[in-house]
Amino acid sequence: MTDASLTIGELSRRSGVAASALRYYERLGLIRAVRTGGNQRRYERAELRRVAFIRISQQVGVSLEEIREALASLPESRTPTTADWAALSASWRGRLNERIAFLERLRDDLTGCIGCGCLSLQRCRLYNPDDQLSAEGAGPRLLLPPS
């Protein structure tokens, strides 16, 4: 551990993430700390980038399990480079584009119909005559991606 390592309080302040959440991320294997002789956590400064990645990923709806899998693709023996982060983000490009398309459909369709098949709105007769969508399963079938 270098002199530039961070305590959990410093990492919390710098990242904007509560110390309790950082301990949780550590338990999940999303971030790593080493322990001092006094059993205090110390984080390499590179962990700030990992925490930022976790926060942003969660903001776009990525699960912690998916984040863990993505972070596991980064090298453990060294600080990830710009190329490492670029490769990780490129692997998510398709998923993010799908999520963007879903959000655009939601934005455009939510005011007229939420795709639920409830027939409670006069307009639903156009989207779901005779409740045909119920054969496809529960929930907002018009807006959910195919399962």
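Scroll up for the structure.
Residues numbered from 1 in each chain as written. Predicted model: local features only at pLDDT ≥ 70, side-chain atom pairs only at ≥ 80, totals over all residues. Heavy atoms only, no water.

A. Region of interest: the side chain of Asp-84. With respect to the helices and strands, Asp-84 occurs in helix H5 (residues 82–109). Within the local environment of Asp-84, its side chain forms a polar contact with the backbone nitrogen of Thr-81, the two atoms lying 2.8 Å apart. Ignoring anything within four residues of it in the chain, the contact list for Asp-84 reads Leu-74, Pro-75, Arg-78 and Thr-79. (Helix = DSSP H or I, 4+ residues; strand = E, 2+ residues; numbered from the N terminus. Polar contact = N/O pair within 3.5 Å; in protein donor to acceptor, adjacent residues only side chain to side chain. Contact = heavy atoms within 4.5 Å.)

B. Local environment of the packing of aromatic side chains. Going through the model one piece at a time under the given rule, you end up with two aromatic pairs. For the ring pair Phe-53 and Trp-85, a centre distance of 5.4 Å and an interplane angle of 50° mean the geometry is tilted. Taken together, the residues Phe-53 in helix H3 (residues 47–59) and Trp-85 in helix H5 connect sequence positions 32 residues apart. Pairing Phe-53 with Trp-92 gives two aromatic rings, centres 5.2 Å apart and planes at 40°, and the pair type is tilted. Of this pair, Phe-53 sits in helix H3 while Trp-92 sits in helix H5, and the two are 39 residues apart along the sequence. Side by side, Phe-53 and Trp-92 carry an identical accessibility label, which is buried. A network of ring pairs unites the aromatic residues Phe-53, Trp-85 and Trp-92 as a single cluster. (Phe/Tyr/Trp six-rings, centres within 6.5 Å; stacked < 30°, edge-to-face > 60°. Buried < 20%, exposed > 50% of the residue type's maximum accessible area, 1.4 Å probe, protein only.)

C. Region of the structure containing the nonpolar core. Counting residues in each nonpolar core, the largest one holds 21 residues, and the members touching the most others are Leu-11, Leu-22, Ile-31, Phe-53, Ile-67 and Leu-71. Of all the elements in the fold, those that place two or more residues in this core are helix H1 (8–15), helix H2 (19–28), H3, helix H4 (64–72) and H5. In this view, Ile-67 contacts Leu-30, Phe-53, Ile-54, Ser-57, Gln-58, Val-62 and Trp-92; residues no more than four positions away in its chain are not counted. (Core = buried A, V, L, I, M, F, W, Y, C linked by side-chain atoms within 4.5 Å.)

D. View of H3. Helix length check: H3, at 13 residues, gives a terminal C-alpha distance of 18 Å against a target of 18 Å (1.5 Å per residue), a fit within 8%. Within the sequence span of H3, burial applies to Glu-47, Leu-48, Arg-50, Val-51, Phe-53, Ile-54 and Ser-57. With its phi angle positive at about 90°, Gly-61 sits one or two positions after the end of H3. (Expected span 1.5 Å × (residues − 1).)

E. Representation of the side chain of Ser-57 within the structure. Topologically, Ser-57 is positioned in helix H3. The contact partners of Ser-57, leaving out residues within four places of it in the chain, are Val-62, Ile-67 and Trp-92.

F. Representation of the pattern of salt bridges. Summed over the entire model, instances satisfying the criterion amount to four salt bridges. Residue Glu-65 is joined to Arg-68 by a salt bridge in which the shortest nitrogen-to-oxygen separation is 2.6 Å. Highlighted residues: Glu-65 and Arg-68, both in helix H4, separated by three residues, approximately one helical turn. Looking at Glu-65, the relative accessible area reads 41%, which means it is partly exposed. For Glu-66, the salt bridge is made with Arg-95, and the minimal N-O distance between the two is 2.9 Å. Placement of the pair is Glu-66 in helix H4 and Arg-95 in helix H5, with a sequence separation of 29 residues. (Salt bridge = Lys/Arg side-chain N within 4 Å of Asp/Glu carboxyl O.)

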